[in-house]
Amino acid sequence: MEHLINTSVQNIKISGIRQFFNMVAHYEDVISFTIGQPDFPTPLHVKEAAKKAIDDNVTSYTHNAGFIELREAAASFVHSRYNLHYRAEDEVLVTVGASQAIDIAFRTILSAGDEVILPAPVYPGYEPVISLCGAQPVHIDTTETDFKLTAELLKKHITPNTKAIILPYPSNPTGVTLSLEELQDIATLLEKHDIFVISDEIYSELTFYGNHVSIASIPSMREKTIVINGVSKSHSMTGWRIGFLFAPAQITKHMIKVLQYSVSCASSVSQKGALAALTEGKDDALPMKREYKKRMEYAYERLVKMGFTVTKPSGAFYIFPSIKPFHHDSHEFALNLVKEAGVALTPGTAFSDYGQGYVRLSYACSMEQLKEGLDRMERYLK
Ligand SMILES: Cc1ncc(COP(=O)(O)O)c(C=O)c1O
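The protein chain is annotated in an unreviewed UniProt entry as Aminotransferase of Priestia filamentosa. What the UniProt record of the protein chain gives under Sequence similarities (unreviewed entry) is the line "Belongs to the class-I pyridoxal-phosphate-dependent aminotransferase family."

Next comes the structure, spelled out in structure tokens:
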């Protein structure tokens, strides 16, 4: 019966991150830097709020858009942190993680034949959804611009079919962020175009230098931007599956239909946990961010000393060194490293073909593991 499976689904591949992870899972004594998952426990007040929700029988369906209190807390959070203005009543949707927010955003706006621009190397969660909508992913090579999407690059790739641009900063896998000036240049270019921007800001609370800037805070961009965020990375809540969509009401009124027929609503218990995160735990990300920054500085210095060419990250918990001084192929390099040195990194090719010649190191691990893994890499490369 397999031949009857939707051909678009048949053509999708399992994420390269997962493929590599599975391939090296049976090697013993391996230090793994492959995980995109915070290594801190979920804050206590979040857990207590969820336990109370269960005890209080908060176990029914919620509004399709999520509890109004949670939407209010999310709107208030992004207002105070990033100067974003969204009405809780009709401009905020609670989703099942940022992953579902991505799915809903694309499925709401894309039709067959549309093009979506992605700055590559890029998180592998977008392309399959775009393809399933019958639309065309258009990757832009950002390896010559410090992994930043610039207005100049963008200008060269916009066509009459461009429906959306994905702006995924702080970036997974590079850790790079865009400044207000850089976003302003993009906004100026887009003034002449009716193109959506899907701004995936899931790492916004993990910005090391200065405050995160959202393109939706630029007045001309608000009407065309769909902001994606969530508590997975900021509050170490990946398993709770709570994300958000922020957009003008004329867009959310369509996105809520896709959400409704997909999941009805996000988990009521998780929503109560997220409410505690965004009210009692507004600053929960700070100590984690401090720790990530310390690890980033350490990993950056060690990698540079070993001879890698590295763009210094300014957010998230990834670093994306070029392996070109040592090897031409990311996959082979990463496989050799597992076998010979006992260290697992994700090959850059998991983040599109433009990741060839790079590897991703996630430092969402203890400082001891980071040190030991980098020591092993250094010995191997010598
Ligand atoms: C850039 C980016 N967007 C979205 C997600 C998915 O987040 P969530 O776990 O909230 O679905 C991830 C997870 O790694 C990510 O790196």
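Student: I keep staring at the packing of aromatic side chains and nothing clicks. Help me out?
Tutor: Pairs of aromatic rings are described using the distance from one ring centre to the other and the angle between the two planes. In the structure shown here, the tally under the stated rule is 15 aromatic pairs. Ring pairing ties together the aromatic residues F40, Y203, Y292, F317 and Y318, which thus form one cluster. Here the guanidinium or amino end of K272 rests over the ring plane of F67, the centre of that ring lying 4.5 Å away.

Student: Is there a simple way to think about the nonpolar core in this case?
Tutor: Nonpolar side chains in soluble globular proteins tend to be buried together. Membership of the largest hydrophobic core comes to 63 residues, with the highest contact counts inside it found for F106, L245, M255, Y363 and M377. Among the domains, domain 1 (2-41 + 285-381) and domain 2 (44-279) are the pair contributing at least three residues each to this core. Sequence-distant contacts of M377, defined by excluding residues within four places in its chain, comprise L303, M306, F308, L337, V343 and L345.

Student: Got a minute to help me understand the domain arrangement of the protein chain in this structure?
Tutor: How big an interface is tends to be stated in terms of the accessible area lost upon association of its parts. You can read the domains of the protein chain as domain 1 (2-41 + 285-381) and domain 2 (44-279). Computed over C-alpha atoms only, the centres of domain 1 and domain 2 are separated by 24 Å. At the interface, 35 residues of domain 1 touch 34 residues of domain 2. Between domain 1 and domain 2 the total buried area reaches about 2,900 Å² when both faces are included, carbon and sulfur atoms providing 65% of it. Between the two partners, domain 1 and domain 2, sit 0 salt bridges.

Cut-offs applied
- Throughout this description, residue numbers start from 1 for each chain and increase along the sequence as written.
- A pLDDT threshold of at least 70 governs which residues receive local features in this predicted model, and a stricter bar of 80 or more applies before side-chain atom pairs are shown or counted, although totals over entire chains, interfaces and linings include all residues.
- In computing side-chain values, all of the structure's heavy atoms are included and hydrogens and water are not.
- UniProt positions are given in the numbering used here, feature names are shortened, and annotations may be inferred rather than shown by experiment.
- Any pair of Phe, Tyr and Trp rings, taking the six-membered ring for Trp, is counted once the centres come within 6.5 Å. Such a pair is stacked with planes under 30 degrees apart, edge-to-face with planes over 60 apart, and tilted for the rest.
- Sitting over a ring, as applied to charges here, requires NZ of Lys or CZ of Arg to be within 6 Å of the ring centre and within 35 degrees of the ring normal.
- Only buried residues count toward a nonpolar core, which is a set of Ala, Val, Leu, Ile, Met, Phe, Trp, Tyr and Cys residues joined through side-chain atoms within 4.5 Å.
- Whether a residue is buried, partly exposed or exposed follows from its accessible area with a 1.4 Å probe, protein chains only, as a fraction of its type maximum: under 20%, in between, or over 50%, in that order.
- For the purposes of this description, domain bounds are those given by an automatic or database domain assignment.
- Any two residues whose heavy atoms approach within 4.5 Å are treated as being in contact.
- As a working definition, buried area equals the accessible area (1.4 Å probe) given up by two parts on being put together, with both sides summed.
- For this document, the term salt bridge refers to a Lys or Arg side-chain nitrogen within 4 Å of an Asp or Glu carboxyl oxygen.

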